[in-house]
Amino acid sequence: MYTQALDAPQPPSAPTDERERLERFQARIDADEKIEPKDWMPEAYRQTLIRQIAQHAHSEIVGMLPEGNWITRAPSLRRKSVLIAKVQDEGGHGMYLYSAAETLGVARGELVAQLLIGRAKYSSIFNYPTLTWADIGTIGWLVDGAAIMNQIPLCRCSYGPYARAMVRICKEESFHQRQGYEIMLTLAGGSAEQRAMAQDALNRWWWPSLMMFGPSDTDSKHTAQSMRWKIKRFTNDELRQRFIDATVPQAEYLGLMVPDPELRWDETTGHYVHGPIDWSEFHAVLKGDGPCNRERLAARRAAHEAGRWVREAAAAYAEKQAASARDAQAG
Amino acid sequence: MSPAAEPARAPASVEDRFEYVLRLGDTSLIAAQRLGALLGHGPALEEDLALGNIALDLLGQARLLLALAGRIEGRGRDEDALAFLRDAGQFRNMALAEQPDGDFAETIVRQCLLDAWRLETYESLAGSQDRELADIAEKALKECRYHWRFSAGWLVRLGDGTAESHARTCAALEKLWRFTDELLSADALDARMAVCGIGPAPALIRERWETRVSAALAEAKLERPAHRHYPWHGKRGVHTEHLGHLLAEMQFLPRAYPGVSW
Ligand SMILES: [Fe+2]
Ligand SMILES: [Fe+2]
């Protein structure tokens, strides 16, 4: 998931032997072979993957913030425990993904530095605020749900380390989705105030969740190349449609209204038809003008700055230990 | 001295057992609440995840202990009723656990001093006459050993890292040391629990804690702060100002929407 702002560099025009290599590379992909870190790969493929994986990793890390916002206020000890475990899982996802990116020759520190100076993208969804407890349920249900739609196909991505990371991550995301839905079930079956809380959260998260799949196919420039490389297997609109088809009946089961007056079931296609998405909001959030862009980056920077002396201390201590081990060996 | 080796003695009162288990449960709960707030804000991703793990372990211990306290009390209060519907004066956690996180040095020093106490206490409690309490302690021991390795490992790295980390860690120790006496000084309840074979012998815990913490301080090249008088008795409900704020945040939802389930 979380790769909506992707803009893949175009493959460079290449001399003849380079072209042969490209053809062989494409033939391997067409044969569904996995590309591994030591294999030759076109520079554009490498760069596209680095950007996509880094963006995904950053999204996991920034995504810890809106949900972490409710750890101290979770309404029962069981919910608190599940939420801590979830936020921690997301951090773990960030870790596997940074490791997958490192197999492409870029250090985690470099990627994090790009995030902190505001040059790297992360999913726009995490720039929305978590205002009530129902937001925690809704994020699990919709945001993790959308993540699963996006990520299941990535388990078959052509790049081996990324595909393997996704297999592990997808298992946990579906767990998160179920836990989120379970919070919603409890709220929807609770008091009038709890039901109102659940409806309000759905109202606020529905459209941003649809935007998680990225621009409509007609405006998405780089889908074709990524599909040829099997970095992407379905278009943004295809995935969005799947998500809507899966989610609307879940909302109905909860007795909640999807905040789209034009939403209707189309008998002939067997799909839901949805109203227009406000892409101006999406672009504003991507540009940094979402409700919480500043707060999210500020929190990441503050943690990084506050941790500087700690990381320096750990490095200094490790250096002292290494030096005394060398001395012991020399003596 | 192992409580199991003692001769037969008078059984502990329900009130005593309830209060004693609350001390343990509340100390874990409040520490978990502090650590949970840090998740996503740690000095590096690895530490974030480790502190998250520790928070989860402590919360798990707290839930078992509070549920046990509720059963002992026998008035129908479950873990959530005890966690969310008591005011500060009814909490029985050690005041050290409620101290806020200033910088990472304060977090590590607080955890380290508490982890050493919890590890030694649970080691003893694993042989408690109270089978349920003994089972909880037994199960928690593995977690407590890992918590101590983590916090003591960081104490050493910070104490023996850079000049800045050393200075910050000294300051944190200076600030938090005064809360350690409460961990180690037995009051009448601790003494009664030891006599009836439920709780550990306080002198033993003090001695083992001193040994453990002194070794870590020495390895970290840190001086042990001077003894200070302490007016806080969190375990008897006399807390610092911090606990009220912590509870206001933690208890907000069940207080604002009473009587519903979540
Ligand atoms: Fe995730
Ligand atoms: Fe997730």
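Everything below is about the structure shown above.
Computed from a prediction, not measured in an experiment: that's the story for all the values here.

Reference values for angles at a metal are 109.5 degrees in the four-donor tetrahedral case and 90 or 180 degrees in the six-donor octahedral case. Residue and element names in this part refer to chain A. For the iron ion (ligand 2), every protein donor is listed as E90 (OE), D144 (OD), E173 (OE) and H176 (ND1), and the spread of their distances is 1.9 to 2.3 Å. Taken together, the 4 donor atoms coordinating the iron ion (ligand 2) span angles of 90 to 147° at the metal, a pattern that classifies the geometry as irregular. Mapped onto the sequence, the donors of the iron ion (ligand 2) take the spacing E-x53-D-x28-E-x2-H. Between the iron ion (ligand 2) and the iron ion (ligand 1), a spacing of 3.5 Å is present, and a bridge between the two is formed by E90. Here E90 is found in helix 3 (residues 77-102), whereas its partner D144 is found in helix 5 (residues 133-151), with 54 residues between them in sequence. Each member of the pair, E90 as well as D144, is classed as buried.

So, about the packing of aromatic side chains. For the coordinates displayed, the defined rule picks out 15 aromatic pairs over all chains. Here the aromatic rings of A:W70 and B:F252 are separated by 6.4 Å at their centres, their planes lie at 40°, and the arrangement is tilted. Taken together, the positions of A:W70 in the loop between helix 2 (43-68) and helix 3 and B:F252 in helix 11 (residues 252-256) put the pair across two chains. Taking relative accessible area as the criterion, B:F252 reaches 32% and is therefore assigned partly exposed. For the ring pair B:F104 and B:W154, a centre distance of 5.3 Å and an interplane angle of 90° mean the geometry is edge-to-face. Taken together, the residues span a long stretch of sequence, with B:F104 in helix 4 (residues 104-125) and B:W154 in helix 5 (residues 131-159) at a distance of 50 residues. Exposure remark for B:F104: the relative accessible area of 10% places this residue in the buried category. Three or more aromatic residues joined by ring pairs form one cluster here, namely A:F25, A:W40, A:Y45 and A:W229.

Secondary-structure assignment places B:D160 in the loop between helix 5 and helix 6 (163-176). Owing to a relative accessible area of 9%, B:D160 belongs among the buried residues under this scheme. At 3.3 Å, the side chain of B:D160 forms a polar contact with the side chain of B:K221. Setting aside its immediate chain neighbours within four residues, B:D160 contacts A:Y317, A:K320, B:E219, B:A220 and B:K221.

The biggest cluster of nonpolar side chains holds 181 residues, and the ones touching the most others in it are A:Y45, A:W133, A:Y159 and A:W206. Counting residues per element, this core draws most heavily on helix 2 (residues 45-73) of chain B, which supplies 14 residues. What A:W133 contacts, discounting residues up to four positions off in sequence, is A:W70, A:A74, A:P75, A:R79, A:L83, A:I183, A:L187, B:L253 and B:W262.

Moving on: the side chain of B:D48. Of note, B:D48 is situated in helix 2. Although buried, B:D48 forms no salt bridge, and the nearest oppositely charged side chain, A:R300, lies 4.7 Å from it. A distance of 3.1 Å separates a polar atom in the side chain of B:D48 from the backbone nitrogen of B:G40. A polar atom in the side chain of B:D48 sits 3.5 Å from the backbone nitrogen of B:H41. Contacts of B:D48, omitting those with residues within four sequence positions, involve A:M64, B:L38, B:L39, B:G40, B:H41 and B:G42.

On to unusual backbone geometry, then. With phi around 65°, A:D32 is a residue other than glycine that occupies positive phi space. Its location among the elements puts A:D32 in the loop between helix 1 (16-30) and helix 2. Here the phi dihedral of B:K221 falls at roughly 55°; this positive angle occurs in a residue that is not glycine.

Criteria and cut-off values
Residues numbered from 1 in each chain as written. Chains lettered and ligands numbered in written order. Predicted model: local features only at pLDDT ≥ 70, side-chain atom pairs only at ≥ 80, totals over all residues. Heavy atoms only, no water. Donors = N, O, S within 2.8 Å, 3.2 Å for Na, K, Ca; no water. Tetrahedral: all angles 85-135°; square planar, octahedral: opposite > 155°, others 65-115°. Helix = DSSP H or I, 4+ residues; strand = E, 2+ residues; numbered from the N terminus. Buried < 20%, exposed > 50% of the residue type's maximum accessible area, 1.4 Å probe, protein only. Phe/Tyr/Trp six-rings, centres within 6.5 Å; stacked < 30°, edge-to-face > 60°. Polar contact = N/O pair within 3.5 Å; in protein donor to acceptor, adjacent residues only side chain to side chain. Contact = heavy atoms within 4.5 Å. Core = buried A, V, L, I, M, F, W, Y, C linked by side-chain atoms within 4.5 Å. Lys, Arg positive; Asp, Glu negative; His and termini not counted. Salt bridge = Lys/Arg side-chain N within 4 Å of Asp/Glu carboxyl O.

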